[in-house]
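# Survey of secondary and tertiary structure
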Amino acid sequence: MFTLTINGIEVKAEEGMTVFEAADEAGIYIPTLCHHEDLSTFGGCRVCMVEADDRLVTACRAPVEDGMVVRTDSPQIRQIRLNNVELILANHNEDCQTCDRSSNCQLQKVAAFVGVTSDRMKDMRRFVTDEPVDDSNPFFYRDHTKCILCGVCIRTCEEINGIAALDFAFRGYGTSVSVLGDKPIHESNCESCGECVERCPTGALNATEQYIPEYEVDTVCPYCGVGCGITVGVRGEEVVSVRGTRDNPVNSGELCVKGRYGFGFINHPDRLRSPLIKKDGEFEEVSWDEALDLVASKLDGYKEKYGADSLAGISSARCTNEENYLFQKLFRAVGTNNVDHCARLCHAPTVAGLASTFGSGAMTNSIADIEEAEAFFVIGSNTTETHPVIGYRVRRAVKKGVPLIVADPRSIQLAEMADIHLQLRPGTNAALLVGLAKVIVEEDLYDEGFVQERCEGFADYVETLDSVCLSDMAEITGVPEDKIRQAARIYAQSNPSTILYAMGITQHSHGTDNVLALANLAMLTGNLGVRGGGVNPLRGQNNVQGACDMAALPNVLPGYQPVTSEESRQKFADAYGVQLSGTPGLTMTEIFAAAGAGELKGLYIMGENPIMSEADAGEVEQDLKNTEFLVVQDIFLTETAAHADVVLPAACFAEKNGSFVNTERRIQKIRKAINPPGDSRDDADIICDLANRMGLDGFSYEGPEDVVVEIASLVPSWKGVSHDRLNEGGLCWPCTSDEHPGTPILYTDSFLREGGKARFASVAYEPPQESVDDDYPFILTTGRILYHFHTSTMTRRSTGLSTLRDREKVMMNPVDAENLGLVEGDEVRITSRRGAVTAEVEPTEQMGQGTVFMTFHFAEACANILTNSALDPVSKIPELKVCAVRVEAV
């Protein structure tokens, strides 16, 4: 620690701090325009000039020295600051009264502080472009007449997002902030995250729609599994703004385009406002009593006539932990385990695979320690588009020199940054991973101490590798043998190395094997239980982890306690006051088939849209049409809800209290900001009302806090969780007592399996269930894009997101397109063995020859009409990532 004097006050400061930081920590204000606490120092505005030991320095760049004497105010300093600010204002429009940033303008604050009273420098105004305002982006505009060249936006784009879309262009009086080629920002590689807008100290970057909220509420983003903290601004009964919550440990205020701007769905006119019952083929608005009485009588009637297993429920990864818990409790109290949710379509292999090898099917490490990795292995994850805020962390680390290995059939953005891109054929992940393990063992790169002390089954595992030929793996995957060797060496020799993966690993007919193969790599190299290491599945939806934890699954009770365990069943039976079934229920894919065949009579779907998200979606739609009684509870009349007999209008995330669990197992509080529209109600209220009408006990709660008390009494890993403890950034389970701080990193001492050791699993490559032939010569793989989410129920009702991408595009290699006589924008028909859709073609070098890519965001061209419903035998996930198609011009 150094001791210095600032304005006669003795101040303690750590070595390496700047004078500005020391003063700020001591509560001494030094004006600045180009400094921001999140960014590197720039020193360009010269407004933070101070006197230090009788010399002039910029406070933001001058390091503290022991014994230093600093004066932040003197006649000389005041004059320097006044001159500098007046020069800056010469290049700034004087429309402060009408400026959209007037309520939060750093320039106004600084100008007032230094005492600007005139525009005497106006004749020194620099050149400004002929088109000073760029409004090509739907969310924000750039006004060059207000730009002071502070560089904050440039450093933000480089250092926070990592995309570096902005830079200084031209020189001298012609200098301006621009994108490559001086194009409109919409035509650049800008990702519309709004981080630059958030930090701009003037009105040069500003939101297109600017509203000053009456009040703000901290909650959690409703999109992907990162679980970013957001602060929603409310005016009247509308959410009018969203910004990142700066003290949230997940994102530290950073957001992506969906998190910041994708809130238009909340107050959209399409929101359901009243219960609906289908009468004579048409929906009719009814009272809650009529709707819930009908549902209760139907479900009770089916149970009495056909038994409890004639009923099934599909819960929701978009609903809270408390709501998912109550939903599974409802069906188990009725007497069936026929409960599932969309994890069946994303990370069911993760739950099955990691639980068998480590003892828990969840992300091993925290988001915060990702940047501490010494190497990244990203496989089956387009992280920068599907989990953007984690993508920011990866890009930042790679720009600092951390090696990056990317395994993906497409040349995604991270692949362009990677040291090695393993562009494997779709469906050959296991072959690649076995090949990597072969090299690690063969070249003696494995961590012998970790393997011997903390793992079991190694000898048998190595024996299976003896028969593996690396050249065969190279031929299967299409990845050159030398690249596989290079990647294995980087991953094994960096310490620690982290694995990030998503649905490109799991959505296969052998998805569980893929997960096991990744676990084997982490065990071999000792990359478990350490910061910057781990096996890290990136969860797809905001609360898919929580829905799993709460047992919206057919084979376990809350906390992954098996329904087949008599001890577990009895514990829950005592709490619920009913005997529970010990027979595992149907999975989601099995539920639809049984409903379509008439074996299931009553189906209740909460917050899911399977007609777009399920493989072979046309068959699923037919199953739902054939379902005897279908109830859908949602915020919109979705493609699935259109087939319901009863539709129940629910509240969205901004209209209720509760909690979500993000991808790192962090339980976070969500808070009600506004009331739900019309007569819609929060999901927990609907479930409890229905349960009471069905005569079930144990469904009277004062609020979500009471539900968590019940969860904590039954789930050991949640024993120390309460709503009060979630107020300060949340807790990572396991949290086993009221004093326990939570567990950001799993397996630091032992694994959760019996005996405390992880177990190697033998994995052999099995090909996908469908291959190309003369009729279907292309392989289709699917995924998400940055500007939309899942089935687009929310994002297509957020206008700006649809402006950025309003239709489906089929990505294919330019050589393939040329061979078919196709050019960009041509309409094509994509046909599989199950159905056909039409969309625009987008030739791109991202795609390898023979492979095409689509999303399932757009109902009018939903890729899941084409995808294969072949199942992984362990986790029962469909093979959404590989199917054979043909492409032809329309």
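Below, the structure is looked at part by part. (Residues numbered from 1 in each chain as written. Predicted model: local features only at pLDDT ≥ 70, side-chain atom pairs only at ≥ 80, totals over all residues. Heavy atoms only, no water.)

## Focus: the overall build of the protein
A count of helical and extended segments in the protein gives 28 helices and 40 strands. Scaling as 2.2 N^0.38, a compact globule of 890 residues should have a C-alpha radius of gyration of about 29 Å, and the protein matches this with 29 Å. Dimensions along the principal axes, computed over C-alpha positions, put the protein at roughly 90 × 70 × 65 Å. Residues classed as buried in the protein amount to 62% of the 890 residues present. Relative to all contacts within the protein whose residues are 6 or more apart in sequence, the contacts with residues 24 or more apart total 71%. As displayed, the protein has an accessible area near 32,600 Å², and 45% of this comes from carbon and sulfur atoms. (Helix = DSSP H or I, 4+ residues; strand = E, 2+ residues; numbered from the N terminus. Rg over C-alpha atoms; globule rule 2.2 N^0.38 Å. Buried < 20%, exposed > 50% of the residue type's maximum accessible area, 1.4 Å probe, protein only. Contact = heavy atoms within 4.5 Å. Areas by Shrake-Rupley, 256 points an atom, 1.4 Å probe, with all protein chains shown as cover.)

## Topic: the packing of aromatic side chains
As enumerated under the stated definition, the model contains 22 aromatic pairs in all. Ring centres 5.5 Å apart and planes at 55° place the aromatic pair F458 and F760 in the tilted group. Here the residue F458 occupies a position in helix α15 (residues 458-466), and F760 occupies one in the loop between β32 (758-759) and β33 (778-783), the gap between them amounting to 302 residues. Judged on exposure class, the residue F458 and its partner F760 are both buried. Stacked on the ring of F853, the Lys or Arg R410 has its end atom at 3.7 Å from the ring centre. Above the face of the Y306 ring, K601 is positioned so that its terminal group lies 4.8 Å from the ring centre. (Phe/Tyr/Trp six-rings, centres within 6.5 Å; stacked < 30°, edge-to-face > 60°. Lys NZ or Arg CZ within 6 Å of the ring centre and 35° of its normal.)

## Digging into the pairing of strand β29 (residues 658-661)
Here β29 shows a buried face lined by G658 and F660 and a second buried face lined by S659 and V661. As paired elements, β29 and strand β30 (residues 666-670) share four bridges and run antiparallel to each other. Residue V661 lies in a different strand from β30, and its bridge partner there is I667. With antiparallel pairing between neighbouring strands as the criterion, β29 and β30 make up a hairpin whose turn holds four residues, including R665 at a positive phi of roughly 75°. (Pairing = 2+ DSSP bridges.)

## Considerations on the environment of R489
On the secondary structure map, R489 appears in helix α17 (residues 481-493). The exposure class assigned to R489 is partly exposed, which follows from its relative accessible area of 32%. Put simply, R489 and E443 are 46 residues apart on the chain and 8.8 Å apart in space, counted from C-alpha to C-alpha. Contacts of R489, omitting those with residues within four sequence positions, involve E443 and L445.

## Digging into the side chain of S366
Positionally, S366 belongs in the loop between α9 (348-357) and β18 (375-379). For S366, a relative accessible area of 4% translates into the label buried. In this structure the side chain of S366 is engaged in a polar contact, spanning 2.8 Å, whose partner is the side chain of D369. In contact with S366, other than residues within four places in its own chain, are E664 and P744. (Polar contact = N/O pair within 3.5 Å; in protein donor to acceptor, adjacent residues only side chain to side chain.)

## Observations concerning the nonpolar core
Counting 58 residues, the largest nonpolar core has F358 and F377 as its most contacted members. Setting aside residues up to four positions removed in sequence, F358 forms contacts with T364, A519, M523, L528, V535, Y747, F751, L752, R753 and A758. Of all hydrophobic cores here, the second largest spans 56 residues; its members include L330, C688, L696 and I711. (Core = buried A, V, L, I, M, F, W, Y, C linked by side-chain atoms within 4.5 Å.)

## Side note on the sheet that holds strand β16 (residues 311-314)
The pairing of strands in a sheet comes from backbone hydrogen bonds and takes either a parallel or an antiparallel form. What the seven strands build is an open sheet, ordered β15-β14-β28-β27-β26-β16-β17; its pairing is mixed. This sheet does not close on itself; its edge strands, each paired only once, are β15 (282-285) and β17 (339-340). In this structure, strand β14 (residues 276-279) lies alongside β15, joined through four bridges in antiparallel fashion. Within the sheet, the bridge partner assigned to L276 lies in β15 and is E285.

## Let's talk about helix α2 (residues 75-89)
Spanning 15 residues, α2 covers 21 Å between terminal C-alpha atoms, matching the ideal 21 Å at 1.5 Å per step. Buried-residue contacts for α2 involve β3 (49-52), β4 (55-58) and α3 (106-114). (Expected span 1.5 Å × (residues − 1).)

## Observations regarding the sheet that holds strand β31 (residues 731-732)
Strand order in the open sheet made by the three strands is β29-β30-β31, with antiparallel pairing throughout. At either end of the open sheet lies a strand with only one pairing partner, and these are β29 and β31. Strands β29 and β30 of the sheet are contacted by helix α8 (residues 321-334), whose axis makes an angle of about 90° with β29. (Axes fitted to C-alpha atoms, helices over the stretch in contact; angles between N-to-C directions.)

## Section: the environment of T512
Relative to the assigned elements, T512 resides in helix α19 (residues 511-525). A sequence separation of 47 residues divides T512 from G559, and the C-alpha atoms of the two residues are 20 Å apart. The contacts of T512, once residues within four sequence positions are left out, are P349, A352, G353, D872, V874 and S875. Looking at T512, its side chain comes within polar contact range of the side chain of D872, at 2.7 Å.

## Looking at the pattern of salt bridges
Applying the stated criterion to the full structure yields 48 salt bridges. The partner of R396 in a salt bridge is E254, with the nearest N and O atoms 3.3 Å apart. Here R396 is found in helix α11 (residues 388-399), whereas its partner E254 is found in the loop between β13 (238-244) and α6 (257-261), with 142 residues between them in sequence. Judged on exposure class, the residue R396 and its partner E254 are both buried. Between R681 and D685 there is a salt bridge; the shortest N-O distance is 2.8 Å. With relative accessibility at 16%, the residue R681 sits in the buried group. On the basis of relative accessibility, which here comes to 36%, the residue D685 falls in the partly exposed class. (Salt bridge = Lys/Arg side-chain N within 4 Å of Asp/Glu carboxyl O.)

## Brief notes about the packing of helix α4 (residues 152-161) against α11
Where α4 contacts α11, the axes come no closer than 7 Å and their chain directions differ by 95°. Looking at the two axes, α4 sits roughly perpendicular to α11. Contact with α4, carried on its side by E158, E159, I160 and N161, involves Y392, R395, R396 and K399 of α11 and no other residues of that element. Considered class by class, the residues forming the contact of α4 with α11 number two nonpolar, one polar and five charged. (Parallel < 35°, antiparallel > 145°, perpendicular 65-115°, else oblique. Nonpolar A, V, L, I, M, F, W, Y, C, P; charged D, E, K, R; others polar.)

## Points about the packing of α8 against helix α25 (residues 683-693)
It is at 9 Å that the axes of α8 and α25 come closest, and there the two elements cross at 20°. Classified by the angle between their axes, α8 and α25 sit roughly parallel to one another. Both α8 and α25 take part in a crossing whose hand is left-handed. On the side of α8, the interface is formed by E323, L326, F327 and L330, while α25 contributes D683, A684, I687, C688, L690 and A691. (Left-handed = near helix turned anticlockwise from the far one by under 90°.)

By themselves these figures say nothing about function.
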